[in-house]
Amino acid sequence: MMATSAPLVLVMALLAQQTAPPGKAVYDKWCAECHGAQGKGNGAAALTMLPRPRDFTQARYQVRSTSSGSLPTDADIHGVLERGMPGTAMPAWPKLSQRERDDVVAYLKTFSRFFQSEAAPQALDFGKAPGASAERIADGRKTYDKIECWKCHGRQGRGDGPSAPTQEDDNNHPIRPANLTENWRFNGGGTVADIYARLRTGLDGTPMPSFSDLLDSKVITDEQLWNVALFVRSLAPEQQPEPSEVIRARLITGELPATVDAQAWEQIEPAYIPLVGQIIAKPRWFAPTVNTVWVKAAHNGRELALLLSWDDPSRSPDAAWDEWRTRITSVMEPKDAPATAGALPDAFAVQFAARAGEGRDLPYFLNGDASNPVYLWQWRSDTGVTEMQARGLDKEQALSADNARVQAQATFRDGRWQLLLRRTLSAQDTANRASFATATPLPIAFAAWDGSNGESGGRRSISSWYFIYLEQPLTAGVYITPAMAAAITALLAFLLVMRAQKQHRGKDDSKTSQPLNTSARE
Amino acid sequence: MFSRVCSIVIVLALAACGGGGEEAGSSAEGGATDDAPAVDPAQAATISGVVSYGGAAQSENIDMSAEPECAQKHSGTPTRKVVDVNNGKLRNAFVYVKEGLPQRSWPRASETPVLDQDGCEYKPHIVAVRAGQDFIIRNSDGLLHNINAKPQTNRGFNVGQPTKMDSKKQFAQAEVMIPVTCEVHGWMQSYIGVVDHPYYAVTNEDGTFTISGLPPGTYTVESWHEKLGAKTMQVTVGASETKQADFSYSGTTAMAMARHH
């Protein structure tokens, strides 16, 4: 049966290849997995994505140079292929040739009748971005307040406005207003010109409207709208931050800063640590709230203090977000495990190797494992900080409170948590708790939970291992030259790679030697 | 090649060429011209009726505390009337002639419809507009609203109005109905009915509607309601005749329809 039909199938396939538009092969190979074979945005991978992949049949495109409701120009679609959609699962496509891109753009336009029935789209004339100045930025802030961008994006732009919890896209999926302090995650790009273009065109298919009518009605001037773009741009760092492999704990003489607002923190550069959803072990979580933590560290030879700042639009639990939580848990991967019922707090964990400094391999970065545990500072917005030991994701154990020495102080303001955690460098109970040696790279990792986003347990944001380096108390020459710092960084990077390789080998070994143990963990 | 033939035919005969051409032809004018003759008043017929509903009214309280300026415009707790029924009579059903009208152009609407945002509510809740003719979206609140129109047949739009202002919009094609939402205020919901002729009405508080000025003929009339769905009826009217066309939704319809917009 199969043998006889095989030649027929081959002939049909050849025929199909001849008649199919040239972009189809590219589309089927690279795009269909997410956007679906028919362009409906419902490919196999779509269910784990938020925002969902574009439905090309509606021809409603977020990133355009055209007025709201208009089709995108070909150049607009090419632009998305060139730079991807930051902040979403859509990557850039440098691997496609110009010819392939032309073909696939032509092909995805065939998914919607609108590209036949509508007139050719006209790009709006945006003019040129003016140079930034303090006056322009201040004026932009005024207009930002006046035209009420803050209703969704928040007073400080962290996506925490009063209307944030009820946002949904045109397909009724929950969607978050952009956190304007992270311009490298803006769907349409993070330059002043990009921001101005989004203000003019809106992001069709999302709640972000076009403000072009304001210019037509002379409610504000074009210059004022440019100033809004300049202000929004000023909320984010000048350069996109690079993850810091090493967090330097600055040596301070005297007392450590006792509060998150203490002036001493302003002297310390924060380390940027990106976080991602935990999608390794069930229950996986594809729509995490927290994607960045900024870490400042200081010690005084006796104590270590960490100042952790992360953006979260909700101070959980918050009844205003209950409906959001219901919606997002029903949309995202509902089958791994039932959603946790009841109010959930926000939470944060700092993870150390339980037995650092013994020349051991790094514990498994996700809560350690049976043979190599991790030591956690686990903070919750409702109950404060607890010291824990973990030997796996669901094997966390609070350490005896007698020895608890970690102190916590937290504030929540305008969509941002700031958490100060302090402990003595030396642990009393060294069997379960790490001591912090100076002048030694110590492994450190982070996890965050947003209760209003249905996050608890395995549903969390995580980082991989980083290192914290406590500056050595020196009697002379406290200032390490940049060259030395660079050398240390290079050495640490080398160490990191070595350890990772070693660990990788170790894991493979354990897989072959202890198959029962591994499967039991899953 | 085909499209070139089409355009030649259009140019020569000023006629539609079938398929997409026909759509483009009707959308260009929206079935209306300034000099289109009205129906002879001596002949004009009327269809009127009552839309009734056997179930209970449904309304939801709105928490407007985040917008005190809007809340002040309401006496008591603001509510969203999902099914607005009084003594069994249904308000805010959109009733229109769906089929049976002659292929011709109709006089333009004499007034420009207005969809107002007042007290963080759409007024009216159901708006009728003519294809290819302007309507106005008004912000009477003076605080930020976004107007997100999500059609299937037409192109949608999403515009921001952060102050008291008007925006002029239009839809090219007939489409019943186009949902309109404001994402700043998740409770705000309106529907726009776009028709390419003047024969439509929105039911009053007592469930009544009147469609007048019709040429004699046999029509499919549809009643559309956002929660109760659509019902159609055949009505034949002779010259100068008035016919009664009553629609009735049973009390169980609402239960069967999923709550979804």
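You'll find the structure just up there.
Residues numbered from 1 in each chain as written. Chains lettered and ligands numbered in written order. Predicted model: local features only at pLDDT ≥ 70, side-chain atom pairs only at ≥ 80, totals over all residues. Heavy atoms only, no water.

(A) Molecular detail of the sheet that holds strand 18 (residues 200-202) of chain B. Residue and element names in this part refer to chain B. Read across the sheet, 4 strands follow the order 18-7-20-21 without closing on themselves; strand pairing throughout is antiparallel. Whereas interior strands pair on both sides, the edge strands pair on one side only; in this sheet they are strand 18 and strand 21 (229-237). On average, adjacent strands in this sheet sit at an angle of 25 degrees to one another, irrespective of strand direction. Bridge analysis of strand 7 (residues 94-99) against strand 20 (residues 217-225) gives 5 bridges, and the strand direction is antiparallel. (Pairing = 2+ DSSP bridges. Helix = DSSP H or I, 4+ residues; strand = E, 2+ residues; numbered from the N terminus. Axes fitted to C-alpha atoms, helices over the stretch in contact; angles between N-to-C directions.)

(B) The packing of aromatic side chains, seen in detail. All names here are of chain A. For the structure shown, the criterion picks out 32 aromatic pairs over all chains. Ring plane angle 70 degrees and centroid distance 5.0 Å describe the contact between Trp 379 and Trp 417, whose orientation is recorded as edge-to-face. Separated by 38 residues along the polypeptide, Trp 379 in strand 7 (residues 374-380) and Trp 417 in strand 11 (residues 416-424) bring together distant segments of the chain. One aromatic cluster in this structure is built from Tyr 27, Phe 56, Tyr 61, Tyr 107, Phe 111 and Phe 115. (Phe/Tyr/Trp six-rings, centres within 6.5 Å; stacked < 30°, edge-to-face > 60°.)

(C) Looking closely at the environment of Phe352(A). Residue and element names in this part refer to chain A. Within the secondary structure layout, Phe 352 lies in strand 6 (residues 347-353). Residue class for Phe 352 comes out buried when judged on its relative accessible area of 2%. Residues Phe 352 and Tyr 466, 114 residues apart in the sequence, show an inter-C-alpha distance of 9.7 Å. (Buried < 20%, exposed > 50% of the residue type's maximum accessible area, 1.4 Å probe, protein only.)

(D) Here's a closer look at the interface of chain B and chain A. Of the residues lining the interface, 29 residues belong to chain B; the matching set on chain A comes to 31 residues. By the criterion of area lost to chain A, the three top residues of chain B are Arg155(B), Asn158(B) and Glu183(B), representing 30% of everything that side buries. Between the two partners, chain B and chain A, sit 2 salt bridges. Measuring nitrogen to oxygen at the nearest pair gives 2.8 Å for the salt bridge that ties Lys151(A) to Glu67(B). Where chain B touches chain A, the interface holds 19 residue pairs in polar contact (both at pLDDT 80 or more). (Contact = heavy atoms within 4.5 Å. Buried area = accessible area lost by both parts, 1.4 Å probe. Salt bridge = Lys/Arg side-chain N within 4 Å of Asp/Glu carboxyl O. Polar contact = N/O pair within 3.5 Å; in protein donor to acceptor, adjacent residues only side chain to side chain.)

(E) Layout of the layout of surface pockets. As a volume, the second largest pocket reaches approximately 1,200 Å³. Along its surface, the second largest pocket is lined by 45 residues, and Pro165(A), Thr166(A), Glu323(A), Gly186(B) and Trp187(B) are the ones closest to its centre. Elements with a contribution of two residues or more to the lining of the second largest pocket: helix 11 (322-331) of chain A together with strand 3 (58-61) of chain B. Of all the elements, helix 11 of chain A adds the most residues to the lining of the second largest pocket, at 4 residues. Within the lining of the second largest pocket, the residues separate by chemical class into 15 nonpolar, 15 polar and 15 charged. (1 Å grid on protein atoms, 1.4 Å probe; cavity = no way out; pocket = protein on both sides within 12 Å on 5 of 7 lines; lining within 4 Å. Points joined across faces, edges and corners; volume = space filled by probe spheres on them. Nonpolar A, V, L, I, M, F, W, Y, C, P; charged D, E, K, R; others polar.)

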